[in-house]
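Overview (structure and organization)
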Amino acid sequence: MTSSSPAKSLGARRWVPLIALAAVAVVCLALPQVLSSYWTDTITTWIPLAVAALGLNLLTGYNGQISVGHGALFGVGAYTTALILNEWHWPFLVTVVASAVVCFVAGVVIGLPALRIKGLYLALVTLAVATLFPQILEQFSDTTGGSAGLGITNRELNRRGVMTDRSIRFEPPDLALLSADDAKASSQWRYYIFLLVAAICFLLVRNLVNSRAGRSIIAIRDNETAAEVSGVNVAAAKVFTFGISAALAGIGGSLSALELARVSSGTFTLVLSLNLLVAVVVGGTPSIAGPAIGAVFLGFFTNVITPEFPEDVKPLTPLILGVLLVVLMLAAPGGIVGMYRQLQARLAARRAISQTAISQVP
Amino acid sequence: MPLLEVTDVGVRFGGVVALAGLSFTIDEGQVCALIGPNGAGKTTLFNVVSRLYHPTEGSVRFADIDLLGLPPHRIAPLGIARTFQNLALVPGLSVLDNVVVGSHSRTSGGFWAAALWFPQIKQERAVRARAMEILSSLHLDHLALRPCAGLPYGTLKRIEIARALMAEPRLLLMDEPASGLTHGEVDELGEVIRRLRNEHSLTVLLVEHHMGMVMGISDKVVVMELGRKIAEGAPAEVQTNPRVIAAYLGEPVADAP
């Protein structure tokens, strides 16, 4: 086959990302074994953000449609989960899938008018969605619990034989891997379930962007005419991408509701939408690892660095984050993944130069 | 029956008449050149055939199918591919992936199959192998894994040709393939076009200003001026047509002193 030469040079360095991936997997699996329940719960909250950022990255990074409203879709996923569990007590994972389906439909509904508006205008319209969402929740506070929130509970018999509402929890199975302490085992188990759901999402999106459909998504971003003339149904692809992106945001929201066992309107504000955007941009777009790195960066800043600030500096936290982002964007416009790619390209160039130098030795 | 049949096509943008009553036909296997001064409406006609513009009147039929009833993304599956005057590549994809995009209308598999990956492995391999074949026939295979951005103009033009070939077209529309090429490259391009026509049994519709190449490779030349056809025929006929000479060089002044 004629493709052997470039394919070979690709294959030679294939093991680098594989080893990196294995290392990340080992760290992810080991973390709840070495961390306390508190820290396990804390890093568990980063996973839903990573999944939602992955969805936003698919839409904005790969397809070029800007959404500032993914916090609202995250919220739709969370409320869907809360209402389903309170009403019908479905199994958790089934609820996650149901929330994804609901959000897919919501995404298609937003994606249809998005065909007519582009760039800044689309950003503005989705911004309106993000701003309106908490207001809508408060408007229907009978169902949603408004700003006071809505607990996600199960009716259970307590020890004295009385039916009471008890917050949902993840019942850990009897595994040697998990802690003997029941509360800690529950935290660990929840973390592992979340990790699995996230891993599946990341794998599916990775496959998607490396496929025929993924190429058309990217082609639409860079040159709609080229895509159309090559036979891509641009409108359908855009709407579908919006749907899938929304479904991922919904999965994120659903996971977050499962962890907190509570939803309230104050959680799904514009700030959440912006945080997702920050995770996408800081991580680096378009890339698959970017959203995860961005979510970890954001979580690390909020949960690990910020609590260390002296009391009188704490009110300045948003300012510090803002300055940090500006500096980061100046230093690495392509985000953290972009920085890595640049380094890789530089190394490859250096290798090529040294090889030509060798071949030119008389 | 001609392969492409353009009948009385008119395109108006507000008060500007881009095409007026344009008619011509191309037979299967022909290389047909569309020439004329800038603003004659050549690219407009390409955009009508690709369904990017909707004509105000007239009809366009391809292999007896009415193109004007179809949306733009249904044109490629019929076997019509094109290249662009000002390049329409995807800078975010590698050269190979850009070429593979051209196979969209010849492959299948939606989002769900793509997410699962394994239903598509076989097709994906076949499509990449074919893209590599086409790239190497155009001497581009060494660039396959490079990003498109930053490559020389002439190379990008050839990548567009490769992408168009991936669609396995019956009719290839080429919009100024020789623009920006050096003399040597133009001669080579002329040979490439004839060779591709034979190898892929193509019919080619060509917009080109490079007269040497046009006269060398075309079976038929259609000359346009201000949205109208002013001449049509074999290259030799067209070259001696007084209206064509006038359009290119200006009217002779009748009562010169």
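That block above? That's the structure.
Residues numbered from 1 in each chain as written. Chains lettered and ligands numbered in written order. Predicted model: local features only at pLDDT ≥ 70, side-chain atom pairs only at ≥ 80, totals over all residues. Heavy atoms only, no water.

All right, on to the layout of surface pockets then. What the second largest pocket holds in volume is close to 630 Å³. Looking at the second largest pocket, it is lined by 21 residues, and the ones nearest its centre are Ala100, Ile200, Cys201, Leu204 and Ile251 of chain A. The set of elements that each furnish at least two residues to the lining of the second largest pocket consists of α5 (92–114), α8 (182–209) and α11 (234–260) of chain A together with α3 (111–116) of chain B. In terms of residue count, the dominant contributor to the lining of the second largest pocket is α8 of chain A (seven residues). Residue composition of the lining of the second largest pocket, by class: 21 nonpolar, no polar and no charged. (1 Å grid on protein atoms, 1.4 Å probe; cavity = no way out; pocket = protein on both sides within 12 Å on 5 of 7 lines; lining within 4 Å. Points joined across faces, edges and corners; volume = space filled by probe spheres on them. Helix = DSSP H or I, 4+ residues; strand = E, 2+ residues; numbered from the N terminus. Nonpolar A, V, L, I, M, F, W, Y, C, P; charged D, E, K, R; others polar.)

Residues and elements named next belong to chain B. A cluster of like negative charges, contributed by Glu185, Asp187, Glu188 and Glu191, occupies part of the molecular surface. Inspection of the secondary structure puts Glu188 in helix α6 (residues 183–199). Given the relative accessible area of 36%, Glu188 is considered partly exposed. (Patch = residues over 30% accessible without salt bridge, like charges linked within 9 Å, V, L, I, M, F, W, Y side chains within 5 Å. Areas by Shrake-Rupley, 256 points an atom, 1.4 Å probe, with all protein chains shown as cover. Salt bridge = Lys/Arg side-chain N within 4 Å of Asp/Glu carboxyl O. Lys, Arg positive; Asp, Glu negative; His and termini not counted. Charge placed at Lys NZ, Arg CZ, Asp CG, Glu CD. Buried < 20%, exposed > 50% of the residue type's maximum accessible area, 1.4 Å probe, protein only.)

Glancing now at helix α4 (residues 121–137) of chain B. All names here are of chain B. Here α4 spans 24 Å end to end across 17 residues, near enough to the 24 Å set by a 1.5 Å rise per residue. Where α4 is concerned, the buried positions are Glu124, Val127, Ala129, Ala131, Met132, Ile134, Leu135 and Ser136. Count one or two residues on from α4 and you reach His139, which has phi positive near 60 degrees. (Expected span 1.5 Å × (residues − 1).)

This paragraph deals with the packing of helix α12 (residues 270–283) of chain A against helix α14 (residues 317–331) of chain A. Residue and element names in this part refer to chain A. Look at α12 against α14: their axes get within 10 Å of each other, and the N-to-C directions meet at 30 degrees. With respect to their mutual orientation, α12 and α14 come out roughly parallel. Between α12 and α14 lies a crossing of left-handed hand. Residues Val278, Val281 and Val282 of α12 touch α14, and the partners they reach there are Leu325, Leu328 and Met329. (Axes fitted to C-alpha atoms, helices over the stretch in contact; angles between N-to-C directions. Parallel < 35°, antiparallel > 145°, perpendicular 65-115°, else oblique. Left-handed = near helix turned anticlockwise from the far one by under 90°. Contact = heavy atoms within 4.5 Å.)

Residues and elements named next belong to chain B. Relative to the assigned elements, Leu156 resides in helix α5 (residues 153–166). A residue is classified by how much of its surface remains accessible, and Leu156, at 13% relative accessible area, is buried. For the pair Leu156 and Val95, spaced 61 residues apart in sequence, the C-alpha separation works out to 8.9 Å. Excluding residues within four positions of it along the chain, Leu156 makes contact with Leu87, Leu89, Cys148 and Leu151.

Turning next to empty space enclosed by the protein. Applying the stated criterion to the full structure yields four cavities of 30 Å³ or more. In this structure, the largest cavity occupies an estimated 80 Å³ of space. Lining the largest cavity, in full, are Ala226, Val229 and Ser230 of chain A together with Ala76, Ala81, Arg82, Phe84, Gly102, Arg163, Ala164 and Ala167 of chain B. Residue classes in the lining of the largest cavity are distributed as seven nonpolar, two polar and two charged.

A few words on the interface of chain B and chain A. The partner chain A presents 33 residues to the 42 residues of chain B that form the contact. Broken down residue by residue, the surface that chain B buries against chain A is led by His73, His104 and Phe111 of chain B, which jointly contribute 25%. The interface formed by chain B and chain A includes one salt bridge. In this structure, Arg215 of chain A and Glu124 of chain B form a salt bridge, with 2.6 Å as the shortest nitrogen-oxygen distance. At the boundary of chain B with chain A, the tally comes to seven residue pairs in polar contact (both at pLDDT 80 or more). Those elements giving two or more residues to the side of chain B that touches chain A turn out to be α2 (95–101), α3 and α4 of chain B. Considering each element in turn, the side of chain B that touches chain A owes the most residues, seven residues, to α4 of chain B. The residue makeup of the side of chain B that touches chain A, split by class, is 22 nonpolar, 13 polar and seven charged. (Buried area = accessible area lost by both parts, 1.4 Å probe. Polar contact = N/O pair within 3.5 Å; in protein donor to acceptor, adjacent residues only side chain to side chain.)

Turning our eyes to something else, we now look at the pattern of salt bridges. Inspection of every chain in the model, using the stated rule, returns 22 salt bridges over all chains. Between Arg170 of chain B and Glu28 of chain B there is a salt bridge, with its nearest N and O atoms 3.1 Å apart. Linking Arg170 of chain B in the loop between α5 and β7 (171–175) with Glu28 of chain B in the loop between β2 (16–26) and β3 (31–35), this pair joins segments that are 142 residues apart in sequence. A relative accessible area of 45% places Glu28 of chain B in the partly exposed class. In this structure, a network of salt bridges that share partners links the residues Asp41, Arg190 and Glu259 of chain A.

This next bit is on the pairing of β3 of chain B. Residues in a regular strand project their side chains so that they alternate between the two faces of the sheet. Residues and elements named next belong to chain B. Counted residue by residue, β3 has five buried out of five residues, so it is predominantly covered. Judged by which residues are buried, β3 turns out to be covered on both faces: Val31, Ala33 and Ile35 on one side and Cys32 and Leu34 on the other are all buried. The pairing of β3 with strand β8 (residues 203–207) spans four bridges and is parallel. Looking at the pairing, Val31 lines up with Val204 of β8. Where β3 and strand β9 (residues 220–225) come together, four bridges link them in parallel fashion. By the bridge assignment for β9, Leu34 is matched with Val222. (Pairing = 2+ DSSP bridges.)

A separate point is the sheet that holds strand β6 (residues 80–82) of chain B. Residues and elements named next belong to chain B. Spatial ordering of the open sheet is given by β6-β7-β8-β3-β9-β10, a layout of six strands whose pairing is mixed. The sheet is open, and its two borders are formed by β6 and β10 (228–233), each paired with just one other strand. The mean inter-strand angle of the sheet, taken between neighbouring strand axes irrespective of direction, is 15 degrees. Taken together, the five bridges between β7 and β8 define a ladder with parallel strand orientation. Bridge assignment links Leu172 to a residue of β8, and that residue is Val204.

Turning next to the pairing of strand β2 (residues 153–157) of chain A. Inspection of the sheet shows β2 of chain A paired to strand β3 (residues 163–167) of chain A by five bridges, in the antiparallel sense. Bridge assignment links Glu156 of chain A to a residue of β3 of chain A, and that residue is Thr164 of chain A.

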